[in-house]
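In case you want the letters, here they are:
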There are 2 protein chains.
Amino acid sequence: MSISQTVIRRLPMYLHYLKQLPEETHNVSATTIAAGLGLGDVQVRKDLALISGAGKPKVGYEKAELMDAIEDCLGYKDKKLAVIAGAGKLGTAFLEFEGFNDYGLNIAAAFDNNLSKTGCSNTGKYIYPISDLKEFCRTEKVIIGIITVPSSDAQNVCDMMVESGIKAIWNFAPVKLNAPESVIIQNENLASSLALLSNRLAR
Amino acid sequence: MSISQTVIRRLPMYLHYLKQLPEETHNVSATTIAAGLGLGDVQVRKDLALISGAGKPKVGYEKAELMDAIEDCLGYKDKKLAVIAGAGKLGTAFLEFEGFNDYGLNIAAAFDNNLSKTGCSNTGKYIYPISDLKEFCRTEKVIIGIITVPSSDAQNVCDMMVESGIKAIWNFAPVKLNAPESVIIQNENLASSLALLSNRLAR
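Peer 1: I would appreciate a short explanation of the relation of the copies chain B and chain A in the present structure.
Peer 2: Two copies of one chain are present, and they are related through a rotation about an axis combined with an axial shift. Of the transformation superimposing chain B on chain A, the axial component is 0.0 Å and the angular component is 180°, with the fit at an RMSD of 0.0 Å. Put plainly, the chains are arranged around a two-fold axis. Interface overlap between copies: 100% of the residues of chain B at the interface are likewise at the interface in chain A, consistent with a symmetric, same-surface contact.

Peer 1: Can you walk me through the pairing of strand β3 (residues 80-85) of chain B in this structure?
Peer 2: A regular strand places its side chains on the two faces of the sheet in alternate fashion. All names here are of chain B. Burial analysis of β3 places five of its six residues in the buried class, the great majority of the element. Pairing of β3 with strand β4 (residues 105-112) involves six bridges; the strand directions are parallel. Its bridge partner lying in β4, K80 is registered against L105. Chirality of the crossover, the property in question, places the unit of β3, helix α5 (residues 89-96) and β4 among those that are right-handed. As paired elements, β3 and strand β7 (residues 144-147) share four bridges and run parallel to each other. When the sheet's bridge partners are listed, A85 is paired in β7 with I147.

Peer 1: Looking at this structure, I do not really get the side chain of E71 of chain B. What am I missing?
Peer 2: Relative to the assigned elements, E71 of chain B resides in helix α4 (residues 63-73). Look past the residues within four positions of E71 of chain B in its chain and what remains in contact with it is L15, K19, Y76 and K77 of chain B.

Peer 1: Can you walk me through α5 of chain B in this structure?
Peer 2: Owing to its 3.6 residues per turn, the α-helix brings residues three or four apart onto one side. Of all eight residues in α5 of chain B, six are buried; the element is thus mostly enclosed. Buried within α5 of chain B we find L90, G91, A93, F94, L95 and E96 of chain B. Buried residues along α5 of chain B sit in contact with α5 (89-96) and α8 (190-202) of chain A together with β3, β4, β6 (126-129) and β7 of chain B.

Peer 1: So what exactly am I meant to see when it comes to the side chain of S164 of chain A here?
Peer 2: Residue and element names in this part refer to chain A. With respect to the helices and strands, the residue S164 is situated in the loop between α7 (151-163) and β8 (168-171). A polar atom in the side chain of S164 sits 2.4 Å from the backbone oxygen of M160. Beyond its immediate sequence surroundings of up to four residues, S164 is in contact with K134, C137 and R138.

Peer 1: Help me understand the sheet that holds strand β4 (residues 105-112) of chain A in this model?
Peer 2: In a beta sheet, neighbouring strands pair by backbone hydrogen bonds and run either parallel or antiparallel. All names here are of chain A. Ordered in space as β5-β6-β4-β3-β7-β8-β9, the seven strands form an open sheet in which the pairing is mixed. Edge positions in the sheet fall to β5 (119-120) and β9 (184-187), since each of these pairs with one other strand and no more. Most of the contacts of α7 go to strand β7 (residues 144-147), to which it runs at about 170°, and overall it touches β3 (80-85), β7, β8 and β9.

Peer 1: Please explain the interface of chain B and chain A as it appears in this structure.
Peer 2: In many analyses, interface size is given as the accessible surface area lost on bringing the parts together. Counting residues at the interface gives 50 residues for chain B and 50 residues for chain A. Around 4,800 Å² of area is buried between chain B and chain A when both sides are counted, 67% of it from carbon and sulfur atoms. The largest share of the area that chain B buries against chain A comes from L194, L196 and L201 of chain B, three residues that together contribute 13% of it. Our count for the chain B to chain A interface comes out at zero salt bridges. Our count for the contact surface shared by chain B and chain A stands at 14 residue pairs in polar contact (both at pLDDT 80 or more). Secondary-structure elements contributing two or more residues to the side of chain B that touches chain A are α1 (5-19), α5, β8 (168-171), β9 (184-187) and α8 (190-202) of chain B.

Rules behind the numbers
- Residues numbered from 1 in each chain as written.
- Chains lettered and ligands numbered in written order.
- Predicted model: local features only at pLDDT ≥ 70, side-chain atom pairs only at ≥ 80, totals over all residues.
- Heavy atoms only, no water.
- Least-squares fit on C-alpha atoms with pLDDT ≥ 70 in both.
- Contact = heavy atoms within 4.5 Å.
- Buried < 20%, exposed > 50% of the residue type's maximum accessible area, 1.4 Å probe, protein only.
- Helix = DSSP H or I, 4+ residues; strand = E, 2+ residues; numbered from the N terminus.
- Pairing = 2+ DSSP bridges.
- Right-handed = clockwise from strand over helix to strand, strands pointing away.
- Polar contact = N/O pair within 3.5 Å; in protein donor to acceptor, adjacent residues only side chain to side chain.
- Axes fitted to C-alpha atoms, helices over the stretch in contact; angles between N-to-C directions.
- Buried area = accessible area lost by both parts, 1.4 Å probe.
- Salt bridge = Lys/Arg side-chain N within 4 Å of Asp/Glu carboxyl O.

Interpretation in functional terms is not warranted from these geometric data alone.
In structure tokens:
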């Protein structure tokens, strides 16, 4: 069954809400979740029905089961190995952010062309020279590449990632990348978002 | 004239492309821009027509004029003062990222409830105690608030920002914020994006 992108995008929010509930809470209704997140009752009910069937009348969903179903749907259970290209501020923030683990993302290392940046980061993860990227990805069977290099270097890094067998690229550089169709590219353009915010303010 | 969000989101890409052209390039056609960015010719032509009218036949657009029109449309020329709440990795990355200036965003300072984080950052910008947020925003007439605190603190910070007269909030915490309708809220949910990428990989 295919679930729409809009629903997929809401699932981490439900999961996050469920995780912060007290441990002794065993059941939770769609209505409670909706209220807790400030979302519409009907929407939450529909979303959850897609993932885990209908809740039991007057009882709702079993919390653990629902979390399990969401994590399953999002593929958070299969740990996916990722690397970061570009150990600037954003890249380092990602390298040191341990929360990605909850999303099934295991960031193995970062790579940079500035050799003065290589070495061990504060959290014990390594930054290697970018020339080591391909061999590392092939040996470790890395499947996700995160691009946080400047725009001018992004296509180059993308090519290297594709050649290393990476299957999905999370791109934070504000350029369109060319890659074979088999490679999933997800663009995260903070400049675009900022443009939108700025334009909405100007109206 | 109101321009669609989809078009607005593409404008920073055009601007970025125009900026990296050699200084001696005075004219540029929609076709060249489309090719340079790997976008469709028709789309680029339509987008630019909305912003700056049609290009001249065989000459295209005057580069400087086009850049001007885009920056105008995006409101990049009126510098907007912003603050960051949450001086963790992401918040600090934003505080020290000078590129936001190009987007008309002038980040004045960051605020954190962890007093050990307060002081001067590497780039000479200050991190203040969160208790100073309201007074700072009121005095400096800050209009944009960037939220990079943990989810559990986000609504609290949002309330403080609204009370300080902030007009737009760029929210990186994965929760829905409640604010008066007059306040623009733009959510940037990295967990949602990651969920989408993860789900696409699992298919």
